[in-house]
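The chain contents come next:
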Amino acid sequence: MGPSNPADRSAALARPAETEETAVNRSAGPGPAATASADRAASGGLSTDAARPTGPAAVVPSATDHPPAPGPVAVSRRRRLLGLAASVAALALATAVSLAVGSAPLPPSTVWAALTAPDGSLDHLTVLDLRLPRTLLALLVGAALGLAGALIQALTRNPLADPGILGVNAGAGFAIVLGVALFGVTRIQQYLWLGFAGAVTAAVVVYVIAARGPGGVNPLRLTLVGVALSAVLSGASSTLALIDPRTFDRMRFWGAGSIADRPDGTIAAILPFILIGLALGLACARPLNALALGDDMARAQGARIVLTRTAGVVAVTLLCGAATAAAGPIGFIGLMIPHAVRWLTGPDQRWILPFSLVLAPVLLLVADVLGRLVVWPAELQVGVVTALIGAPVLILMVRRAKAATP
Amino acid sequence: MNGAFTVRIGRFSRRWSIRALAVGVLLTAAVLACTAASLMIGSRSLSLAEVLAALAPDAHGPNRLVVVEWRAPRALAAALFGACLGVSGAIFQSLTRNPLGSPDVIGLNTGAYTGVVFAITVGGTGYLAYAAGAIAGGLGAAALVYLLAFSGGMRGFRLIIVGIAVSAMLSSVNTWFSVKADLDEALRAAVWGAGSLNGIEWPPVAFAAAAAALLALALPVAGRRMRQLELGDETAAMHGVPVERSKILLVGLGVGFTAVVTAATGPVAFVALAAPQIARRLSGRPGSADLAGSALVGAVLLGGADLIAQHAIPGTPMPVGAVTVLLGGAYLVWLLLREQGRG
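S.K.: I would appreciate a short explanation of the overall build of chain B in the present structure.
M.R.: Helix and strand counts for chain B come out as 14 helices and two strands. In terms of overall dimensions, chain B has a C-alpha envelope of 60 × 55 × 45 Å along the principal axes. Counting only residues that meet the buried cut, chain B has 55% of its 343 residues in that class. By element, 68% of the accessible surface of chain B is carried by carbon and sulfur atoms, the whole surface being about 14400 Å². Computed over 24 positive and 15 negative side-chain charges, the separation of the two mean positions in chain B equals 13 Å.

S.K.: When you look at the packing of aromatic side chains in this model, what are you seeing that I'm missing?
M.R.: Each aromatic ring pair is summarised here by two numbers: the centre-to-centre distance and the angle between the ring planes. Residues and elements named next belong to chain A. Tallying each qualifying case throughout the model produces five aromatic pairs over all chains. Taking the centre distance of 4.4 Å and the plane angle of 40 degrees together, the rings of phenylalanine 196 and phenylalanine 273 count as tilted. One end of the pair, phenylalanine 196, is in helix α8 (residues 188–211); the other, phenylalanine 273, is in helix α11 (residues 266–283), and 77 residues separate them in sequence. Its relative accessible area of 11% is what places phenylalanine 196 among the buried residues. Judged by relative accessible area, phenylalanine 273 falls into the partly exposed class, the value being 24%. Of the aromatic side chains, those joined through ring pairs into one cluster are Trp193, Phe196 and Phe273.

S.K.: Explanation requested: the pattern of salt bridges in the structure shown.
M.R.: Pairing is possible between side chains of opposite charge, provided their charged atoms come close. All names here are of chain A. Summed over the entire model, instances satisfying the criterion amount to nine salt bridges over all chains. Across the pair aspartate 249 and arginine 252 runs a salt bridge, and its minimum N-O distance is 3.0 Å. Of the two residues, aspartate 249 and arginine 252 both sit in helix α10 (residues 245–256), three residues apart, roughly one turn of that helix. In this structure aspartate 249 comes out as partly exposed when scored by relative accessible area, which is 26%. Look at arginine 252 and you get buried, because its relative accessible area is 7%. As a salt-bridge pair, arginine 350 and aspartate 348 come within 2.9 Å of each other at their nearest N and O atoms. With relative accessibility at 41%, the residue arginine 350 sits in the partly exposed group. Here the salt bridges do not stand alone but share partners, grouping Arg134, Asp368, Arg372 and Glu379 into one network.

S.K.: Whenever I open this one, the packing of helix α1 (residues 18–40) of chain B against helix α2 (residues 48–55) of chain B confuses me. Can you help?
M.R.: Packed helix pairs are characterised by how far apart their axes lie and by the angle those axes make with each other. All names here are of chain B. α2 packs onto α1 with a crossing angle of 85 degrees between their chain directions and a minimal axis gap of 10 Å. As the angle between them shows, α1 and α2 are arranged roughly perpendicular. Note on element contacts: α2 touches α1 through Leu48, Val51 and Leu55, opposite Ala36, Leu39 and Met40. Its residues assigned to classes, the contact of α1 with α2 shows six nonpolar, no polar and no charged.

S.K.: What is the right way to read the state of the cysteines from this model?
M.R.: Disulfides are covalent bonds that connect the sulfur atoms of two cysteines. Applying the stated criterion across every chain yields a total of zero disulfides over all chains. Free cysteine: cysteine 34 of chain B, not disulfide-bonded; nearest cysteine sulfur from cysteine 84 of chain B at 16 Å.

S.K.: Honestly, the packing of α1 of chain B against helix α12 (residues 271–283) of chain B in this entry has me stumped. Any pointers?
M.R.: All names here are of chain B. Between α1 and α12, whose axes approach to 9 Å, the crossing angle comes to 130 degrees. Judged on the interaxial angle alone, α12 and α1 are oblique. Every residue of α12 that contacts α1 at Arg19, Val23 and Leu27 is listed here: Arg281, Leu282 and Ser283. Residue composition of the contact of α1 with α12, by class: three nonpolar, one polar and two charged.

S.K.: Sorry, what's going on with the nonpolar core here?
M.R.: The biggest cluster of nonpolar side chains holds 165 residues, and the ones touching the most others in it are Leu166 and Phe332 of chain A together with Phe81 of chain B. Residues contacting phenylalanine 81 of chain B, with those up to four places away along its chain left out, are Leu197, Ile200, Ala208, Val261, Ala264, Thr265 and Leu302 of chain B. Ala241 of chain A together with Tyr113, Val116 and Ile120 of chain B belong to the second-largest nonpolar core, a separate cluster that totals 18 residues.

S.K.: Explain α11 of chain A here, please?
M.R.: An α-helical segment advances 3.6 residues per turn. Residues three or four places apart therefore align on the same side. Residue and element names in this part refer to chain A. Between the first and last C-alpha of α11 there are 26 Å, a value that for 18 residues agrees with the 26 Å anticipated at 1.5 Å per step. Within α11 the residues assigned to the buried category are Thr266, Ala269, Ile270, Ile274, Gly277, Leu278 and Gly281. Contacts made by the buried residues of α11 are with α6 (122–155), α8, α12 (285–291), α14 (305–327) and α16 (349–373).

Criteria and thresholds
- Residues numbered from 1 in each chain as written.
- Chains lettered and ligands numbered in written order.
- Predicted model: local features only at pLDDT ≥ 70, side-chain atom pairs only at ≥ 80, totals over all residues.
- Heavy atoms only, no water.
- Helix = DSSP H or I, 4+ residues; strand = E, 2+ residues; numbered from the N terminus.
- Buried < 20%, exposed > 50% of the residue type's maximum accessible area, 1.4 Å probe, protein only.
- Areas by Shrake-Rupley, 256 points an atom, 1.4 Å probe, with all protein chains shown as cover.
- Lys, Arg positive; Asp, Glu negative; His and termini not counted.
- Charge placed at Lys NZ, Arg CZ, Asp CG, Glu CD.
- Phe/Tyr/Trp six-rings, centres within 6.5 Å; stacked < 30°, edge-to-face > 60°.
- Salt bridge = Lys/Arg side-chain N within 4 Å of Asp/Glu carboxyl O.
- Axes fitted to C-alpha atoms, helices over the stretch in contact; angles between N-to-C directions.
- Parallel < 35°, antiparallel > 145°, perpendicular 65-115°, else oblique.
- Contact = heavy atoms within 4.5 Å.
- Nonpolar A, V, L, I, M, F, W, Y, C, P; charged D, E, K, R; others polar.
- Disulfide = S-S within 2.5 Å.
- Core = buried A, V, L, I, M, F, W, Y, C linked by side-chain atoms within 4.5 Å.
- Expected span 1.5 Å × (residues − 1).

Now the structure itself:
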């Protein structure tokens, strides 16, 4: 039902991990391809991802193709702390702007008065009942997507993995399509729980299929199963939607992704899931660092691999499921923010996770505010704006990173 | 089955693997079977003899109309477009050295969708308007991604990131249209975007065939360059291959083959992805791209998927793109499960 084909996009995301498999396969027997990989690996520079060797062959795609970190490889602790402080300041600023800007032009003093001493006037209600919930939702959804993205990129060892790769978005969409098309669900409150149930079910199915093989879940299988299941679910969703124009009409709005005009109680409904997900996810930071060394090294260091992966996947599922259920599919943030953060922090998950957690809501808030301004007094859905402002930044970064290398 | 023999005619010589030949013959037979089935099955069921009689140059009557005017364009389109997508996928998987590579990496289909959305917005209807929009949008997006990703040589990883970024922006535009447009227009765009052979007629098929034939002229050269580039950029350069020019040629060819299909039917997912993979497993030569095999497998896949799309739900023809996504995804899951069983 979405204008771009989600299957194709996810397939693109799965790519680097898939290359690892080929690299492994090829290196099993001597051949031109294996030699080529080795040559390219040797000529590749030190990069953020090369800093986490995952076995002789698995390094190949990252070492050759991943852009090296600009500047010194080890970013000093002081700079990181300053960066984190700046990020938090940016978040505070974005929150303030989000409260102050909207289709009703209100002076900052009125906004402040509404927050501190509400008198029940229309202006104050605008701030308290419309802008405040929307801003809080943006903070929650942004933080959830940012952390989930960082986790899934670490878990799949794929710098371009998207939290949607576990089938969360496709599962939520499919459940809502089923509800609308077959059971005549019309109330948006029901979307929340349908979406959450669909998201969690899809992620569990992906995880169970991926875990069936020997040695438990491995990153590549997780990615591939997720891509495949997402493709099937979104194909089924769009077929159902195309057969029935009424369903299509509802799904096109849900599919755009928005944090405005959510039903009452949305925040309260998703808050517990997001808090548990955030706590679980942040707790994974240190074991994920060990996991980045490869399964054997991680085991030697005493990391509990299966436990870490399971906890990580559970966290991603809760975070993404809740965010998608509340706001619809908002793409790109979970992919771009952690990817960009690694340029700032280097490969240490103890920094990547908090940075992603803080910067993702900044992007979401800025996108939401811009969405209110560009077609004022109408609004653009935030899901439409995120990519429009995030993508040019990503392109600039990838070009600059390359220009820095010989 | 690992035997091989060599054919020499004058200066031309080529080593043929018996397995590759056998696979080729079987695949060709499968393509013919799909085409024949597509011509025979329908609300007016025909026997093979009746189909052949209707195809004869001096045939008349209702069967002639059904077979030649209604079913033949669709059957041929399925085979031809499947082959185009297979070749395109093989080229991109070789070029990006990545088994999941496809022309979508560089935003082709998303761009084509944006082009069609634009065509609908300015009031265009019908095949020509959509085809023009799709080609302009698709090629524009591909060129933009290539230019943005190019600085001091083209590298696979940067191409992928820029492709994702540009695709994300374009799909934002598409979503915006879908929300802003009235239901009828949004639905028309979505139906196009699902990729369908329903109701395709001779003119688009003939145009696509001509374009594909032109592109195919470059394939012998492209196939050689692909194998040389698979050795690595440095090695290929040492062998005297003009690396960057070859890459532009390959990107252009891959984009061209997909654009031919997308212009006529809308984006059809998964065939470009799956065909080279299947061809590789069938020919028993992992690692090496096989253009002819990929083309044949692509033709079988799209032909088979279109049979299902036409007849799975009687009275409700589905878009073939939906079938390829469902089948392709299910196939990928099955493949993963099977490989786990062995491993």
